[in-house]
Amino acid sequence: MLGAAHEPLEDPDIVDRLRHCELGPGLDLELEAADLLVEVHGGGIRPDPEVQAVSRRQFFNRATIGLMAASLGAFSAAAFVAFLWPTSTGGFGGRVSVGKSSVLNALIGERAVDFVNFTGSVCGGQAMERAAAGTFIPVSTELGGKDPGYVMEDADLDAAVEGAMISKYRNAGQTCVCSNRLFVQDSVHDAFVEKLVKATAALVVGDGMKDGITIGPLVNKKAVGDVDELVQASVESGARVALGGGPHALGGCFYQPTVLTGVTSEMAVFRNEIFGPVASVIPFEGAAEAMHIANDTIYGLAAGIWSRDINTAFRLVKDIEAGVVWVNSYEDGDMTQPFGGYKQ
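Residues numbered from 1 in each chain as written. Predicted model: local features only at pLDDT ≥ 70, side-chain atom pairs only at ≥ 80, totals over all residues. Heavy atoms only, no water.

### So, the overall build of the chain
Quick note on the threshold: For the purposes of this entry, the term helix denotes a DSSP run of H or I that reaches at least four residues, the term strand denotes a run of E that reaches at least two, and both are numbered from the N terminus. Only heavy atoms matter for contacts: two residues are in contact if any of them lie within 4.5 Å across the pair.
In terms of regular secondary structure, the chain is built from ten helices and eleven strands. For the chain, restricting intrachain contacts to residue pairs at least 6 apart in sequence, the fraction spanning at least 24 positions comes to 65%.

In structure tokens:
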């Protein structure tokens, strides 16, 4: 199973997604993508009428490629690389690699491989690019994220907390689009933190295959150590633990759902991608200040904004260095919209 490859336990989010979002609908997504190709070449795409999505053409010096690989999510979640290509018989040939460089170079060197899509770490993506450079195979990568969430003073705080719970603790914080940095305007900071801590404390840690469990393990014990190292380094630098702050009493691959406050841009938990259930709350006074601090990172995958003022939201969208920005929601998807990013 996926989500905890080194443990017999599963994260409830992964189990639910496999049942409802990956195995069955995966084929539906492929068919939908095929239909979209026809619509694109036919002159237009019909978006989901229930999703208000806006695509803005942004020209900059880093190429961004939209990813339509939702049905390969099961492989990506398990840190596999899947190679698929048409064969002379009309089907698809394929190879799956767990990431060894010798296997990777051999697979990309296959003359039948015309395109590579990779989801994983920055160093993994760099290795993929290097391996493909010799044959000029196009490579589309979806790598790290240190995604910001903005809670403005006019936001519906209950909705913002609900969104933060989805964006931060899904799959125990082990997704690239997790809101790892929550920027909260000063005037609502304390009220937001109080609500966030209450909601986080209600999470039930355990075996995701059991009823009532809402957050599962990290991928392995090394991940627990990596997460805790970032947390402890930040606490030593002045961050305050509002909840959690260490490995869970269950042991193994479990880490306590954690909320840190007083986080600053110099701290390890702010700078480094943290694949774990740790929410960092950063207070800010003005939007320009928050934008400057949030954009000061090598990552630029996704972001979220909570505000009742659509004009405020769209002003922020314009300046956020992120490929996808959700407003008053998080991880709502529409196959007709591109999925890309800035920087790494």
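### Side note on the environment of L218
In plain terms, the rule: Exposed residues in this analysis have more than 50% of their type's maximum accessible area, buried residues have under 20%, and partly exposed residues fall in between, with area computed by a 1.4 Å probe over protein chains only.
Among the structural elements, L218 can be located in the loop between α6 (186-201) and α7 (221-236). Given the relative accessible area of 1%, L218 is considered buried. Separated by 44 residues in sequence, L218 and Q174 place their C-alpha atoms 7.5 Å apart.

### Side note on helix α9 (residues 287-295)
As a reminder, the rule being used: As used here, the arc is the angular range of directions from the helix axis to the C-beta atoms.
Listed in full, the buried residues belonging to α9 are A290, M291, A294 and N295. Along the axis of α9, the buried positions cluster into a sector of 120 degrees, meaning they face one direction only. Exposed residues pointing more than 90 degrees away from the buried face of α9 are listed as A288 and H292.

### A look at the pairing of strand β3 (residues 116-119)
For clarity, the threshold we go by: At least two bridges found by DSSP between two strands is the condition for calling them paired.
Bridge count for β3 against strand β4 (residues 139-142) is four bridges, and the pairing is parallel. By the bridge assignment for β4, V116 is matched with V139.

### Points about the pattern of salt bridges
For the record, the criterion: Any Lys or Arg side-chain nitrogen located within 4 Å of an Asp or Glu carboxyl oxygen qualifies as a salt bridge.
This model, assessed by the stated rule, comprises four salt bridges. With a shortest N-O distance of 3.0 Å, D296 and R271 are connected by a salt bridge. Of this pair, D296 sits in the loop between α9 and β10 (302-306) while R271 sits in helix α8 (residues 268-271), placing them 25 residues apart in sequence. Overall, D296 belongs to the partly exposed group, its relative accessible area being 40%.

### Brief notes about the packing of helix α5 (residues 157-169) against α6
Just so we agree on the cut-off: In this analysis, axes come from line fits to C-alpha atoms, helices being fitted only over the stretch in contact, and the angle between any two N-to-C directions falls in the range 0 to 180 degrees. Roughly parallel here means an angle under 35 degrees, roughly antiparallel means over 145, roughly perpendicular means 65 to 115, and every remaining angle is called oblique. Crossings are sorted by hand: turned counterclockwise from the far helix by less than a right angle, the near helix makes the crossing left-handed, and turned clockwise it makes it right-handed. Amino acids outside the nonpolar list (Ala, Val, Leu, Ile, Met, Phe, Trp, Tyr, Cys, Pro) and the charged list (Asp, Glu, Lys, Arg) are all regarded as polar, and Gly is one of them.
It is the contact of α5 with α6, at a shortest axis distance of 10 Å, that shows an interaxial angle of 55 degrees. Here α5 lies oblique to α6, going by the angle between them. Crossing angle aside, the handedness with which α5 passes α6 is right-handed. Along its contact with α5, which presents L157, D158, A160, V161, A164, M165 and Y169, the element α6 presents V188, A191, F192, K195, L196, A199 and T200. Across the contact of α5 with α6, the residue classes tally to eleven nonpolar, one polar and two charged.

### A short note on α6
Test applied: An expected span of 1.5 Å times one less than the residue number is assigned to each helix. The bend at a residue is defined as the angle formed between two axes, one fitted to the seven residues ending at that residue and one fitted to the seven starting there.
Taking 1.5 Å per residue as the helical rise, α6 with its 16 residues ought to reach 22 Å, and the 23 Å between its terminal C-alpha atoms agrees with that figure. Remark: the principal bend of α6, roughly 25 degrees, maps to F192. Here the buried face of α6 lies against β5 (147-151), α5, β6 (179-185), β7 (240-243), β8 (258-261) and β9 (278-284).

### A few points about the nonpolar core
Which entries qualify depends on this criterion: Residues grouped as a nonpolar core are buried Ala, Val, Leu, Ile, Met, Phe, Trp, Tyr and Cys residues, joined through side-chain atoms within 4.5 Å.
Ranked by size, the top nonpolar core spans 62 residues in total, and within it Y150, F192 and L196 carry the most contacts. When residues in this core are grouped by element, the largest group, six residues, is from α5. Excluding anything up to four places from it in sequence, L196 contacts V161, A164, M165, L182, V259, A279 and V281. Counting nine residues, the second largest nonpolar core, distinct from the first, contains V116, M128, I137 and L143.

### Side note on unusual backbone geometry
The residue A172 is not glycine, and still its phi comes out positive at about 60 degrees. Among the structural elements, A172 can be located in the loop between α5 and β6.

### Let's talk about the state of the cysteines
Selection criterion: The disulfide criterion is simple: two cysteine sulfur atoms within 2.5 Å.
With the rule as written, the count across this model stands at zero disulfides. Take C176: it sits in no disulfide, and the sulfur closest to it among the cysteines is that of C178, at 8.0 Å.

### Comments concerning the sheet that holds β7
Spatially, the seven strands line up as an open sheet ordered β7-β8-β9-β6-β5-β10-β11, and their pairing is mixed. Where the open sheet ends on each side, the last strands, each with one partner, are β7 and β11 (324-327). Along the sheet, successive strands turn relative to each other by an average axial angle of 25 degrees, direction set aside. Sheet topology note: the β10/β11 ladder contains four bridges and is parallel. Across the sheet, residue A302 finds its bridge partner in β11, namely V324.

### Details of the side chain of R181
What counts, and what does not: Under this rule, positive means Lys or Arg and negative means Asp or Glu; His and the chain ends count for nothing. Polar contacts, as used here, are pairs of N or O atoms within 3.5 Å; protein pairs need one atom able to donate a hydrogen and one able to accept it. Residues neighboring in sequence count only if both atoms are side-chain atoms.
Within the secondary structure, R181 sits in strand β6. For the buried R181, no salt bridge exists, and the shortest N-O distance to an oppositely charged side chain is 6.7 Å, to D147. Of the polar contacts made by the side chain of R181, one reaches the backbone oxygen of A294; its length is 3.1 Å.

### Here's the deal with the packing of aromatic side chains
Going by this rule: Under the pairing criterion, centres of Phe, Tyr and Trp rings, with the six-membered ring standing for Trp, must be within 6.5 Å; the plane angle then separates stacked pairs below 30 degrees from edge-to-face pairs above 60, leaving the rest tilted.
Enumeration according to the criterion identifies four aromatic pairs in this entry. For the ring pair Y150 and F183, a centre distance of 5.5 Å and an interplane angle of 20 degrees mean the geometry is stacked. Here Y150, found in strand β5, pairs with F183, found in strand β6; they are 33 residues apart in sequence, far enough to count as distant. Y150 sits in the buried class, given a relative accessible area of 1%. For F183, a relative accessible area of 1% puts it in the buried group. For the pair F183 and F270, a centre-to-centre distance of 6.2 Å together with 85 degrees between the ring planes defines the contact as edge-to-face.

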